[in-house]
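Inside the fold
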Amino acid sequence: MKKKMVAFLMTLVMTTGMLAGCSSAEAQEDTAVLRVGMECAYAPFNWTQETAEVSNGDTAVPIYGSSYYAYGYDVMMAQMIAKQLGMELEIHKVEWDSIGLAMDSGEYDCIIAGMGKTPEREASYAFTTPYYYRDNCLTVKAGSGLENITSLEELAGRNISVTTQTGTGWVSLMEQIPDRVEAANYATTAECFMAVSNGVADAALIDKPTAESALLTNTDLVILTFEEGKGFVDDNGMTNVCIATRLDDTELRDKIQGAMDALEWDKEKMDEMMSLAIELQPAAN
């Protein structure tokens with residue numbers, strides 16, 4: 001199945017025909033441009049690299065206004081959607097805290113950045129159906145005595161300090177951790193994992209694919225595996241990863257949704273492409 005997914009992705013990517021270095025206005029004179037905002041710092045969903053080369057022969061996308069390139073699950077998804085719509089692709093790098101504001105101001109037209117569809121965000125943006133489903137998890141340091149925890153209730157009385165990324169739905173999910181002590185939160189997930197590695201926090205509340213990515217370079221980290229029904233509940237807002245457009249831009253949202261439908265994007269394809277993204281990220285090579 002992985003070979004089929006690799007062939008599927010490479011066929012679409014090789015025929016994308018992206019135009020790098022031109023402005024949106026210049027590109028739109030000939031071909032419509034799909035302008036996408038993402039962190040480019042959230043592996044395996046998206047990351048920054050110095051060259052266009054990807055280890056399996058794929059091609060990363062130039063980051064608008066810079067000499068760097070972006071790749072990862074979100075970029076692969078954006079490439080496929082742009083190809084399906086007959087549009088050129090333009091990736092904009094943006095800090096997470098301002099990702100919605102920058103879209104509303106017109107810097108780009110949609111967000112493909114591992115964004116969970118929370119009720120609060122649904123009041124501000126128009127969303128597609130999920131393009132990925134993820135699990136939320138706690139990541140702890142090896143040797144901390146927390147490695148064998150299998151349920152949230154086992155954390156009662158331990159007063160562990162927990163960190164997560166600012167401006168995310170994980171902030172509210174922390175309330176489900178009994179007797180937690182809130183540590184400082186950080187602008188990037190990488191900083192959250194570093195805080196655990198350095199002993200500044202006992203645990204990081206992040207999604208499982210990102211934690212698995214972090215373990216490739218932080219071998220002193222461990223992902224807690226909760227027994228069925230003993231982990232986080234009512235966390236659909238952070239498990240349903242969707243593409244967002246401006247609230248009034250339902251026309252673009254519907255076009256993107258149509259592209260996803262045409263690709264017959266399902267969970268099997270999601271999981272295969274995420275495995276590939278984890279394998280292709282620079283830290284894994």
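Preceding block: the structure.
Notes on the structure follow.

Calculation criteria
Residues numbered from 1 in each chain as written. Predicted model: local features only at pLDDT ≥ 70, side-chain atom pairs only at ≥ 80, totals over all residues. Heavy atoms only, no water. Core = buried A, V, L, I, M, F, W, Y, C linked by side-chain atoms within 4.5 Å. Buried < 20%, exposed > 50% of the residue type's maximum accessible area, 1.4 Å probe, protein only. Contact = heavy atoms within 4.5 Å. Salt bridge = Lys/Arg side-chain N within 4 Å of Asp/Glu carboxyl O. Helix = DSSP H or I, 4+ residues; strand = E, 2+ residues; numbered from the N terminus. Pairing = 2+ DSSP bridges. Axes fitted to C-alpha atoms, helices over the stretch in contact; angles between N-to-C directions. Polar contact = N/O pair within 3.5 Å; in protein donor to acceptor, adjacent residues only side chain to side chain.

**Observations concerning the nonpolar core**
Judged by nonpolar contacts, the single largest core of 87 residues is most densely connected at L34, V36, Y73, M77, I81, Y131 and L138. Those residues in contact with I81 that sit more than four places away from it in its chain are L34, I112, I243, I256, A259 and M260.

**Regarding the pattern of salt bridges**
Throughout the structure, instances matching the rule amount to 8 salt bridges. Note that K255 is salt-bridged to E251, the shortest N-O span being 3.8 Å. Residue K255 and its partner E251 are located together in helix α10 (residues 250–262), separated by 4 residues, close to a single helical turn. Residue classification places E251 among the exposed positions, given a relative accessible area of 55%. Beyond isolated ion pairs, a larger network of salt bridges with shared partners links R35, D109 and R246.

**Brief notes about the sheet that holds strand β12 (residues 221–223)**
As summarised here, the arrangement of the 5 strands in space is β10-β9-β11-β8-β12, forming an open sheet in which the pairing is mixed. Unpaired on one side and paired on the other, β10 (181–182) and β12 mark the two borders of the sheet. Relative to strand β11 (residues 203–207), strand β8 (residues 136–141) is paired through 5 bridges, and the arrangement is antiparallel. Bridging across to β11, L138 finds its partner in L205. Set on the sheet, helix α7 (residues 189–197) makes contact with β8, β9 (161–163), β11 and β12; between it and β11 the angle comes to about 150°. The strands touched by helix α8 (residues 208–215) within the sheet are β8, β11 and β12, with β11 carrying the most contacts at an inclination of about 120°.

**Focus on the side chain of R35**
Looking at where R35 falls in the secondary structure, it is placed in strand β1 (residues 33–38). Judged by relative accessible area, which is 14%, R35 ranks as buried. One polar contact links the side chain of R35 to the main-chain carbonyl oxygen of E107, over a distance of 3.1 Å.

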